[in-house]
Amino acid sequence: MAATGELFRHIAVSTARAAAGFALGGAIGFAFGLLTGVSDTAARVFASSFQMIRNVPHLALIPLFILWFGIDERAKLYLVALGVFFPIYLNTYHGARTVDAGLIEVGRVYGLTRAELFRQVIFPGALPSILVGVRFALGLTWLTLIVAETISASSGIGYMTMNAREFLQTDVVVLGILIYALLGKLADLATVFLERRCLSWHPAFAMQGVETR
Amino acid sequence: MTVKEREVWELGSTDKLWTPASGAANTAVEVRISHVAKHFGKHPVLTDVNLDIRPGEFVAIVGHSGCGKSTLLRLISGLDFPSEGRILVDGRPVTRQLSEARIMFQDARLLPWKRVLENVGIGLRGEWKAAALEALHRVGLADRAGDWPAVLSGGQRQRVALARALVSQPKLLLLDEPLGALDALTRLDMQRLVEQVWSRQNFTAILVTHDVGEAVALADRVVVLERGALSLVQRIDQQRPRVPGDASLGEIEGEILARLLEGNR
């Protein structure tokens, strides 16, 4: 399969879907998380409805999504985005809420504008929490995508394994599972790398070789 | 201390790295607090505070914890506003955050994600790096400019916070128990540094503390805040720089302490 390039085509398709869904859901989650984290009004308006929707397993929405968006790319994209949205939203919200009030006061006393206060104090203060959300979300991305691809797709790793099952090609099924594991691990490594880069000021992250390895 | 005395002391200093604040751009402010009251809900914190502070004066406010010292400081800085009465800084009422005032808090409150130099330069515009480095120099921490705040000791962090407060050449420095969390020796060092900086850079200083010894060592005037109002104003005319453990200072400290404890009964 590697020789014909079919395997890589499947991996590429799945990765592209994962990336697009992650970007979409992540961006929306991040935006809403910051909004509700900074503004009490926004928190009152959105927080409880988000909590309600969050408790619906998003995979349960697959039939609905297929009905609404058909079996083309959009259904998979939106499903992944929905899965990614909540961990990013929740952690961004929590991160922005728990930024040390004393530091925000310092920002005010030292004459930072609202934009500067946000960029120099609130965002970096929320970042450790946001990155935890990113890590959760990456795991969910793959999970959601695989399920979506298993149900309705004509390409991607999920489709490849489902197809293989039909023909009793156990080796291909195992290969598919191994690839999931590999991709998941790669995504995780990427966040660990990101944490090291962005949180080098943090004593817990400045140390070498802690976390996962 | 008179201006003349202050100059003499400055000339006699061995610290050549110091460049005194230049020109009339940096002049200390006058603070007039009249009939200020502040309550949070039904709970009165300050009932009637009256205090005039001359430009360049060093005033210490002492009192029991929870007596409203910090609240008063927040009112002066414009972080919060009085329920009654008013506060004039250089004749203008405080209606928003004072841009000429800087606060030092009990905890240094450095931004952990900014290196020491960037922390000192927070809020500065334009070419800020040289000024920030110079301020770090003054507190003796120029060599730590590239470090994260997390690796500094408590005393070092407070010195960085002092540099950060001073770099913008404030006309009013508000000290909210900035040395309260330091060990005794570091605290004495810091007191000397604060006194030095105050006598060289022209600003009005208001120190809030529960440490009477510290108040007596630093201030021109010590006021006692009790039950929401000032109950005692004590001038301290001792020569500067003051020596820790000076007997006459100790006497004054004793009197103020006696007053504080008596008031508590």
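Everything here concerns the structure above.
Residues numbered from 1 in each chain as written. Chains lettered and ligands numbered in written order. Predicted model: local features only at pLDDT ≥ 70, side-chain atom pairs only at ≥ 80, totals over all residues.

(A) Representation of the overall build of chain B. When helices and strands are tallied, chain B shows eight helices and ten strands. Evaluated residue by residue, chain B yields a buried proportion of 41% over its 265 residues. (Helix = DSSP H or I, 4+ residues; strand = E, 2+ residues; numbered from the N terminus. Buried ≥ 20, exposed ≤ 12 C-beta atoms within 10 Å, placed from the backbone.)

(B) Expanded view of the pairing of strand β8 (residues 204–209) of chain B. Residues and elements named next belong to chain B. Most of β8 sits out of view: six of its six residues are buried. Both faces of β8 are covered, namely the face carrying T204, I206 and V208 and the face carrying A205, L207 and T209. Pairing of strand β3 (residues 58–62) with β8, which is carried by five bridges, proceeds in the parallel orientation. Within β8, the position partnered with V62 by the bridge is T209. Assessed by its sense of winding, the connection that carries the chain from strand β7 (residues 172–176) through helix α6 (residues 184–200) to β8 is right-handed. (Pairing = 2+ DSSP bridges. Right-handed = clockwise from strand over helix to strand, strands pointing away.)

(C) Up close: helix α4 (residues 73–97) of chain A. With 25 residues, α4(A) ought to run about 36 Å at 1.5 Å a step, and its terminal C-alpha atoms sit 36 Å apart, in line with that. α4(A) sits mainly inside the fold: 20 of its 25 residues count as buried. (Expected span 1.5 Å × (residues − 1).)

(D) Summary view of the interface of chain B and chain A. Residue-level contacts link 16 residues of chain B with 14 residues of chain A. For the side of chain B that touches chain A, a count of residues per class yields nine nonpolar, four polar and three charged. (Contact = placed C-beta atoms within 7 Å. Nonpolar A, V, L, I, M, F, W, Y, C, P; charged D, E, K, R; others polar.)

(E) Expanded view of helix α7 (residues 157–166) of chain A. Listed as buried for α7(A) are I157(A), G158(A), Y159(A), M160(A) and T161(A). L168(A) lies just past α7(A) and shows a positive phi near 55 degrees.

(F) Expanded view of unusual backbone geometry. All names here are of chain B. Of note, R109 is a non-glycine position whose phi angle comes to about 55 degrees, a positive value. The residue R109 is located in the loop between β6 (101–104) and α3 (116–120) in this model. Residue R109 is classed as buried on the basis of its 22 C-beta neighbours within 10 Å. Notably, R227 is not glycine yet its phi reads approximately 45 degrees, a positive angle. Mapped onto the elements, R227 comes out in the loop between β9 (221–226) and β10 (229–235).

(G) Just the packing of helix α1 (residues 6–38) of chain A against α4(A), in detail. Residue and element names in this part refer to chain A. Two elements in contact, α1 and α4, have axes separated by 6 Å at closest approach and are oriented at 30 degrees. Crossing handedness for the pair α1 and α4: right-handed. Per-class residue counts for the contact of α1 with α4 are 20 nonpolar, ten polar and three charged. (Axes fitted to C-alpha atoms, helices over the stretch in contact; angles between N-to-C directions. Left-handed = near helix turned anticlockwise from the far one by under 90°.)

(H) Structural context of the packing of α1(A) against helix α6 (residues 114–151) of chain A. Residue and element names in this part refer to chain A. Running from N to C, α1 and α6 point in directions that differ by 140 degrees, and their axes come no closer than 9 Å. With respect to the hand of their crossing, α1 and α6 are arranged in right-handed fashion. For the pair formed by α1 and α6, the contact residues are S14, R17, A18, G21, F22, G26, G37 and V38 on the first element and I122, A126, A137, T141, W142, L145 and E149 on the second. Split by residue class, the contact of α1 with α6 holds eight nonpolar, five polar and two charged.

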